[in-house]
Amino acid sequence: MRRFGLIGKTLKHSFSKNYFTEKFSKEELTDCRYDLFELSTIDELSSLIQDTKGLEGFNVTIPYKQEVLPFISNLDHIAERVGAVNVVKLVGENLVGYNSDYYGFKTSVSRWLADEVNTALVLGTGGSSKAVLVALEDLEITYQKVSRSPKIDCITYGDIHENPDLLSDVQLVINTTPLGTFPNVDEMADLPAKAFHSGHYVFDLVYNPSETRLMSAAREQGAKTKNGLEMLELQAEKSWEIWNS
């Protein structure tokens, strides 16, 4: 049996297990299975690998995308640039790290944006934002990071409330935070919603619900919106490609 899976801390709302289970069923891959591996700390990874017979690769989610790095023998060049890993392939006793967040976001947003979009606000500075920033650099889109608290090279949500032009003057807004994810569907980043307009593209990495409160608030002001479902599907297919290469 070929084994794959997802490591993280809390995985009950995982997209990956359903996606791969359906994929294996549809493609009649009866020798493959995908499991959820909840780890209370990353230190449990070594014993998981040792105890899981047939494990060929796994995905990595919050909060281990950076914590997994000391376990990695070789890093793909994109993962090295991003500084985070969300796909691991077992090659003998070595773990090879990749980042499909970059591929999923870059492909999904490129299909959607108009060619003239070249400025962005990136909400959040966590692990998910790292792949987004590298993708934006490669797409030649200038970005400004937004954080709840003051940080070097970031503006705050308070700064945007004081000067809404910081929001209205950019073309693309990307939410990389978990705000608005089911079941906390009433949450959204603290932005002045009236500053959204029809020239905005709002990309929310959240996929459940399909329309977050942020997307709804932006759409009401005429903005174009997109959730993270296609990005996740692209990431999953990239993982499968990596494990089978």
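What comes next is a walk through the structure. (Residues numbered from 1 in each chain as written. Predicted model: local features only at pLDDT ≥ 70, side-chain atom pairs only at ≥ 80, totals over all residues. Heavy atoms only, no water.)

1. Structural notes on the side chain of Lys89
Looking at where Lys89 falls in the secondary structure, it is placed in strand β5 (residues 87–91). The buried charged residue Lys89 lacks any salt bridge, with Glu56 as its nearest oppositely charged partner at 7.9 Å. At 2.4 Å, the side chain of Lys89 forms a polar contact with the backbone oxygen of Ser245. Contact partners of Lys89, with chain neighbours within four places excluded, come to Glu56, Gly57, Asn94, Leu95, Val96, Tyr98, Ile242, Trp243 and Ser245. (Helix = DSSP H or I, 4+ residues; strand = E, 2+ residues; numbered from the N terminus. Buried < 20%, exposed > 50% of the residue type's maximum accessible area, 1.4 Å probe, protein only. Lys, Arg positive; Asp, Glu negative; His and termini not counted. Salt bridge = Lys/Arg side-chain N within 4 Å of Asp/Glu carboxyl O. Polar contact = N/O pair within 3.5 Å; in protein donor to acceptor, adjacent residues only side chain to side chain. Contact = heavy atoms within 4.5 Å.)

2. Describing the pairing of strand β1 (residues 2–8)
Moving residue by residue along a regular strand, the side chains alternate between the two faces of the sheet. Within β1, seven of the seven residues are buried, leaving the element largely enclosed by the surrounding structure. Bridge analysis of β1 against strand β2 (residues 32–38) gives seven bridges, and the strand direction is parallel. The partner of Leu6 across the bridge, within β2, is Leu36. With helix α1 (residues 16–26) bridging β1 and the parallel β2, this β-α-β connection has right-handed handedness. Bridge count between β1 and strand β3 (residues 55–60): five bridges; the pairing is parallel. When the sheet's bridge partners are listed, Leu6 is paired in β3 with Asn59. (Pairing = 2+ DSSP bridges. Right-handed = clockwise from strand over helix to strand, strands pointing away.)

3. A closer look at helix α9 (residues 229–243)
With 15 residues, α9 ought to run about 21 Å at 1.5 Å a step, and its terminal C-alpha atoms sit 21 Å apart, in line with that. Within α9 the residues assigned to the buried category are Met231, Leu232, Leu234, Gln235, Ala236, Ser239, Trp240, Ile242 and Trp243. (Expected span 1.5 Å × (residues − 1).)

4. Structural notes on the pairing of strand β8 (residues 142–147)
Here strand β7 (residues 119–123) runs beside β8; their pairing, made up of five bridges, is parallel. By the bridge assignment, Thr119 is partnered in β8 with Thr142. Since β7 and β8 lie parallel, the crossover through helix α5 (residues 127–138) that links them has a hand, and here it is right-handed. Examined bridge by bridge, β8 and strand β9 (residues 154–156) share three bridges and lie parallel to one another. Among the inter-strand pairings, Lys145 is bridged to a residue of β9, identified as Cys154.

Such coordinate-based values are descriptive only and should not be taken to indicate function.
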